Each structure stands twice: as C-alpha cells, then as structure tokens.
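# Observations on chain architecture
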Amino acid sequence: MPTNVLLVGAGALGSIYAWRLQEGGVHVTCVCRSNYSTVQSQGFSISSEAYGQHTYHPSRVVTSVDEAVADGKVYDFIIFCTKALPNLSDNSHIIAPAVSQNTIIMLIQNGIGIEEPFAERYPETPLVSVIAYIDVSQPQSGSIEHGNVSALVMGLHNPAQATADVQDRVERLSNAWNQNGVMCMVVEHIQSFRWLKLVWNASFNTVSVVSGGNNTREMLADPRCKQLIRSIMEEVYAIGEAATGAPLPVIQGKDSPDAFIEDTENRQVPVEPSMLMDFRAKRPMEHDVILRRPLEVARKLGINAPYMEAVYAMLVMVEKTLVKL
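Notes on the structure follow. Nothing here was measured: the structure is a model prediction, and the numbers come from that model.

Now for the overall build of the protein chain. Tallying secondary structure elements over the protein chain gives 12 helices and 10 strands in all. Its C-alpha radius of gyration of 19 Å places the protein chain within 12% of the 20 Å reference for a compact globule of 325 residues. For the protein chain, the spread of C-alpha atoms along the three principal axes comes to 55 × 40 × 40 Å. With 325 residues in all, the protein chain has 51% of them scored as buried. Excluding contacts between residues fewer than 6 apart, the proportion of contacts in the protein chain whose partners are at least 24 apart in sequence is 72%. With an accessible surface of roughly 14600 Å², the protein chain has 50% of that area assigned to carbon and sulfur atoms. Here the protein chain holds 25 positive side-chain charges and 34 negative ones, and the gap between their average locations is 5 Å.

Structural data, given as structure tokens:
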C-alpha cells in the first residue's frame, strides 16, 4: 500500500515537495485554494533549474480538508505548509477532520513557536517540525518557478513521541524525498536548526522590506545596511544559543554571521526574500514568528536585541500602511 499524504497549502513551496514525494510512489492529495481551478484542470506547470520542465498532476486535488476525507480516506501524514501568521488566526483546526490515530503531522513553516497550537490541539499525535530551504515562487496561478535549492531538515517536536514506529515512518518519508532530488535530514534537536534558519530570515527577510524593497545584492551593496544585517544575525545567534543551551549547528560551512553574508554575496542570482514578495503583493508578513516570538524569548532570557526590536517596530508599521487586515 502506498503512503497517503495530505498536503495543506499547495502553493509554490508545497507543490515542489508534493511533486518529489509523488515521484517516489507516495499518493499525494493537495488542498488548493486560489489556484484550485488551474491545478485541477491543468496541473502545476513547473520550471525548475534542478528538475527541468514538468507538468505535475497531484494524485488528487481538493478545495478543503473536509473534501479530502469525505470518501473516508485515512492519511498517514498531514503536511501543513501555509504561511505562519498566528497573529491573525490559529489555523491548527483546519486539519482536524483528517487527524486520526494513524496520522503524523508535519509542519513546514518559518519561525519560532509554530508548533505550539498544533501540539496543544493534537497532544497525542506525533508532530514533526520541518525547516525548508528552497528558492521557489508562483508568479501566476499554478505556474511554479524553482531554482536549484530544495532541502528539508526535520525532527520530532516532542522527543517522547519518538517510538520505533514513528521514527521508521518519518525516515521512510525522508528517504522518498532524498531519492527524488530533495536533500532531507532527520535530526534530534530540531529547535537548534530553527534558530539557525532564523539567522537569515530575521535579517535579510525583514530588512528587505524596511529598507524600501531591496533584494540581497542591493542590501549588501550598502555598507550601513550590510552592518544592520550583521547586527541582527549576531542577536539571533545570541538568543538562539541561550535558548537551546548549545552552539547553533553548522550547515554547509555557515558558522557565523559573516559566513551567512559571504554565502549570500557569492550567489550568482540575488535573492528576493519571501517577505519582500509578500510586501510587494500587499500580503500579511510573517513578522510574528520571525521577530516578535524570538524577541519574547530574548526578554525572558534577559538578552537585549535592539536591532531586532527596531526592525520589528518598523515592519509592523509598514504592514499596517500597506495591508488592510
């Protein structure tokens, strides 16, 4: 029997990870919203530097979780990869109709504290926290543009749920990604990797907006802006290492703010951060999980983070001006 996956949030990011799983023989049901009509009739039109040109037709396309379970189908995994906007609403209830005794929930989202609503609502359900590294966008409905980066780091939110069966199932799904072009790593201390991802997100993502709408090359070309990015990264390192009680991990040689900056500077194509894309489209931005929640952790630990505080204040004001919430 194939593994049954329900993927909620089949946008740019979700479509790539769903496609690569399905290439590995996994049955994937995608919950689509604004792009439903296009995907249902034509599939996803994907242009990928890593995987080439392809039209991806999910095993099944639905408009809601209720529709996904209407025929009684039971899902082994629910992969939830919507924007993390807890300041606007708690959307953990969306998947409730599909959660069963057999389900493992996977959260592919940015930020700190994203697991809490799901852990509280589904305390008996294994919860896997997943961090994505991917350069992808959906410029038009169902049209996906993907670069050459596609990686996942995952681990159980609650180690007490790491039974042999749960670990085996997570490893098998990880292997399906690994065997189909997605570098996937299962780790024990996932929160350390969340803070590591935040080093880039809390700096480049946020400053791209408050600087007036700039990509990574434009930001780093300005010495003062570059120093601001470095200062925010230093604050994230300090908070993350204090919160986890250990040095942050190293991925691909990136072990310091300067290493992150150098890696970003050396990219042939400048990065348009996801928050910048939301800003341009006048959509809500993920400042709650990328700045506010880390700042709450900093205050509890007695760590000053003035650069993050200032950028957070400006980012919220920018959003209020542009986005009618």
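In this section: the packing of helix α6 (residues 190-210) against helix α11 (residues 287-301). Packed helix pairs are specified by the crossing angle of their axes together with the interaxial distance, meaning the distance between the axes. Put simply, α6 and α11 touch, their axes get as near as 10 Å, and they point 120° apart. The angle between α6 and α11 places the two elements in the oblique class. Our pair here, α6 against α11, has a crossing hand that is left-handed. Here Trp195, Leu198, Asn201, Ala202 and Thr206 of α6 lie close against α11, whose contacting residues are Val289, Ile290, Leu291, Pro294 and Val297.

In this model, the second largest pocket occupies a volume close to 200 Å³. Along the walls of the second largest pocket sit Val128, Gly155, Leu156, Pro159, Ala162, Gln167, Val170, Glu171, Val186, Val187 and Glu188, which together make up its complete lining. Mapped by element, the contributors of at least two residues to the lining of the second largest pocket are β9 (143-156) and α5 (164-178). When residues in the lining of the second largest pocket are grouped by element, the largest group, three residues, is from α5. Here the lining of the second largest pocket is composed, by residue class, of seven nonpolar, two polar and two charged.

Turning our eyes to something else, we now look at the pattern of salt bridges. Pairs can form between side chains of opposite charge once their charged atoms are near each other. Applying the stated criterion across every chain, the model contains 15 salt bridges. Here Asp263 and Arg267 are joined by a salt bridge, their closest N and O atoms 3.6 Å apart. On the accessibility criterion, Asp263 (30% relative accessible area) is partly exposed. The network of salt bridges with common partners includes Asp288, Arg292, Arg293 and Glu296.

Next up on the list: the nonpolar core. The biggest cluster of nonpolar side chains holds 63 residues, and the ones touching the most others in it are Leu6, Val8, Ile95, Ile229, Val236, Leu291 and Met308. If you tally residues by element for this core, the top one is α6, at 11 residues. Once residues lying within four places of it in the same chain are set aside, the contact partners of Ile95 are Val8, Val65, Ile78, Phe80, Ile105, Phe118 and Tyr122. In terms of nonpolar packing, the next biggest core, distinct from the first, is built from 40 residues, Trp19, Leu21, Val26 and Leu173 among them.

Below, the discussion takes up the side chain of Thr206. Tracing the backbone through its elements, the reader meets Thr206 in helix α6. Ignoring sequence-local partners within four residues, the contact set of Thr206 consists of Asn201, Met275, Ile290, Leu291, Val311 and Leu315.

Reading the values: the criteria
- Residues numbered from 1 in each chain as written.
- Predicted model: local features only at pLDDT ≥ 70, side-chain atom pairs only at ≥ 80, totals over all residues.
- Heavy atoms only, no water.
- Helix = DSSP H or I, 4+ residues; strand = E, 2+ residues; numbered from the N terminus.
- Rg over C-alpha atoms; globule rule 2.2 N^0.38 Å.
- Buried < 20%, exposed > 50% of the residue type's maximum accessible area, 1.4 Å probe, protein only.
- Contact = heavy atoms within 4.5 Å.
- Areas by Shrake-Rupley, 256 points an atom, 1.4 Å probe, with all protein chains shown as cover.
- Lys, Arg positive; Asp, Glu negative; His and termini not counted.
- Charge placed at Lys NZ, Arg CZ, Asp CG, Glu CD.
- Axes fitted to C-alpha atoms, helices over the stretch in contact; angles between N-to-C directions.
- Parallel < 35°, antiparallel > 145°, perpendicular 65-115°, else oblique.
- Left-handed = near helix turned anticlockwise from the far one by under 90°.
- 1 Å grid on protein atoms, 1.4 Å probe; cavity = no way out; pocket = protein on both sides within 12 Å on 5 of 7 lines; lining within 4 Å.
- Points joined across faces, edges and corners; volume = space filled by probe spheres on them.
- Nonpolar A, V, L, I, M, F, W, Y, C, P; charged D, E, K, R; others polar.
- Salt bridge = Lys/Arg side-chain N within 4 Å of Asp/Glu carboxyl O.
- Core = buried A, V, L, I, M, F, W, Y, C linked by side-chain atoms within 4.5 Å.

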